[in-house]
Each structure stands twice: as C-alpha cells, then as structure tokens.
Amino acid sequence: MTEESIPNKYFKKSLIKYILNVKQKNYSGVFECSWNLNMNPNSVQILVEAHRSNSSISCTVHDQDKSRAVCHELTYCPFQEELEKVGFNLHAIDGPRFENYSSEFFLADIVKPEKVQIHKKDEGDKKVVVSWEYPQSWDHPHSYFPLTFEVKALKNKHNCDHEVRSDPRTPNHKVPHKGSYHFFTEETSLQLNHSTKKYVFCVRAKDMYCNSPWSEWSAIVLRDPGQQCWLKDYYYSLCFLKHRYSLCHMWHLGP
C-alpha cells in the first residue's frame, strides 16, 4: 500500500519519532534498542528484527510500552573482530498504515558500561582516598577488557557535566588548592586534600580501545571533615534551642 492510497489523516504524525538509541552494557552480545512512540502503544503493533550473516539474533519487544526491545546475538564472540555490522529493522503497524525504519551498527560501537561505584576513606589530616570499581556487569578479565575513566573534582555548585580544563597530572597528584580539575586515567583510586570546604567528585567510564559511549556519571560530595563536625555541632545547637523554646512556650501557656 502506497502513501497516496491512504487518507491524509493518517500522515499528520508519524507512528514513531525515530530517535533510535542502541546500547549494550558489556560484550555478552545482548543489546537494547529503544525509540519514541508518537501514538498510543495499545493501538500500534511493533515488530523488530536484527540480522547478521552466519549469525542468529533473537529480539523481544517490551510488552507494556512497546518503545524498546532486547536482542541477543547467540553466536557473538567478544574475542573476535567484527567484520560486518548488525542490521536492525523496526516495523510499526496501525490499521492500514505501515512504517519501516532501519539502522546498522557494530556491537563494539554501542558498548556503554554501567555506572561505576565510588568509595571514600578518610585518612585524617584532611586527606581522603577516593576509589572506584569496574561495574559488576563488565567483562572479565579486566586486563583484556580495560576501561578508561574520566575524573572531575568540581566546586559544589557545579554538576558533573560542567566543563573543566583538562589536567595532564597523574591521579597520584592531589587536588590543587581551591581548584577544580579534570583528567583521564586507567587508575581506580586517588588521594585528595580537602582543599575546599565542599566539592563534587565525578567518575565515568568507557571502553579504552573503542569509540563507544561513556557511562553515566557517578558522583559523591566530599566535605572538609572539620566542616562536618561544625555542621553537626550547629545542628545539635539548633535542636537544643528549639527544645528549650518549646519548653518555655509550654510553660507560659500552661494553666
């Protein structure tokens, strides 16, 4: 059926706002594709298929929102170079209307690690060691599947997406006094000075050897231990004053 043979009312809006997002969290051969629907999911039928020569790929559309599908290439081998892209086809059907969308990609180009976990350990004398771990879902051995990390130390008013000038320092250097900085590293720990009252420490990861997406940012807020004690004392003082005021107020209003 051609577009001219269908009433114009069917073409006021496409069935799908085709912004295809494809990602996989490791090299298992399992990847997720998502898109945006312009129509009620209950009225649209979605069919998807993925293919590559001499390979078997199964795909399942999510039952509820119909805006994503999970595919698995059963014969995928992470130790073998990909010579051919995966072909992905999306079909949307609503009554007499049919729309088709397609895309091609290498699985190595869509690997997006999950968020890293950040830990901190106070070592006294206003020093703290911050460390981060490979995501639990990432492939082993890490020596064969290495990640590179982007690290930022930012003043508290900024979020992790704030642009900071890159710093060539190795992660063994301490944070410059009263400054924020930004660097890339293969290491998974860093010793910091509490040089500012409060700042945000951000880390994200990506495959070291592929031009694939970065993970989402992980972040923790670091305080000067002296400031934490001051805030704690201040909080207790407020509670004491509030409690005392309540007792006095009840005494004046009592019988």
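Conventions adopted
Residues numbered from 1 in each chain as written. Predicted model: local features only at pLDDT ≥ 70, side-chain atom pairs only at ≥ 80, totals over all residues. Heavy atoms only, no water. Pairing = 2+ DSSP bridges. Helix = DSSP H or I, 4+ residues; strand = E, 2+ residues; numbered from the N terminus. Axes fitted to C-alpha atoms, helices over the stretch in contact; angles between N-to-C directions. Disulfide = S-S within 2.5 Å. Buried < 20%, exposed > 50% of the residue type's maximum accessible area, 1.4 Å probe, protein only. Phe/Tyr/Trp six-rings, centres within 6.5 Å; stacked < 30°, edge-to-face > 60°.

Student: Even after reading the chapter, I still don't get the sheet that holds strand β6 (residues 86-94), so can you show me in this structure?
Tutor: Pairing between the strands of a sheet comes from backbone hydrogen bonds, and it takes one of two forms, parallel or antiparallel. What the three strands build is an open sheet, ordered β3-β6-β7; its pairing is antiparallel. Both outer strands of the open sheet, β3 (45-51) and β7 (97-105), are each paired with one neighbouring strand and no more. With direction set aside, neighbouring strand axes in the sheet form an average angle of 15 degrees. Here seven bridges tie β3 to β6, and the two strands are oriented antiparallel to one another. Pairing of Glu49 across the sheet is with Asn89, part of β6.

Student: Mind showing me how you'd approach the state of the cysteines here?
Tutor: Note: disulfide means a covalent bond formed between the sulfur atoms of two cysteine side chains. As enumerated under the stated definition, the model contains two disulfides in all. Residue Cys59 pairs covalently with Cys71 via a disulfide, S to S 2.1 Å. Classification of the bridge connecting Cys59 and Cys71 rests on its S-S torsion, roughly 110 degrees, and on that basis the disulfide is right-handed. Taken as a pair, Cys59 in strand β4 (residues 57-61) and Cys71 in strand β5 (residues 68-73) lie far apart in primary sequence, twelve residues in all. We classify Cys59 as partly exposed; its relative accessible area is 23%. Across a sulfur-sulfur distance of 2.2 Å, Cys160 and Cys202 are joined as a disulfide pair.

Student: Is there a simple way to explain the packing of aromatic side chains in this structure?
Tutor: Here a ring pair, both rings aromatic, is described through the centre-centre distance and the interplanar angle of the planes. Tallied over the entire structure, the rule returns ten aromatic pairs. With a centroid separation of 5.1 Å and an interplanar angle of 70 degrees, the aromatic rings of Tyr144 and Phe145 are classed as edge-to-face. A centroid spacing of 5.9 Å and a plane angle of 40 degrees characterise the contact between Phe184 and Trp214, whose relative ring orientation is tilted. One end of the pair, Phe184, is in strand β11 (residues 181-185); the other, Trp214, is in the loop between β13 (198-207) and β14 (218-223), with 30 residues separating them in the sequence. Of the residues examined, Phe184 reaches a relative accessible area of 46% and is grouped as partly exposed. Taking relative accessible area as the criterion, Trp214 reaches 22% and is therefore assigned partly exposed. Through a chain of ring-to-ring contacts, the aromatic side chains of Tyr27, Phe79, Trp138, Tyr144 and Phe145 assemble into a single cluster.

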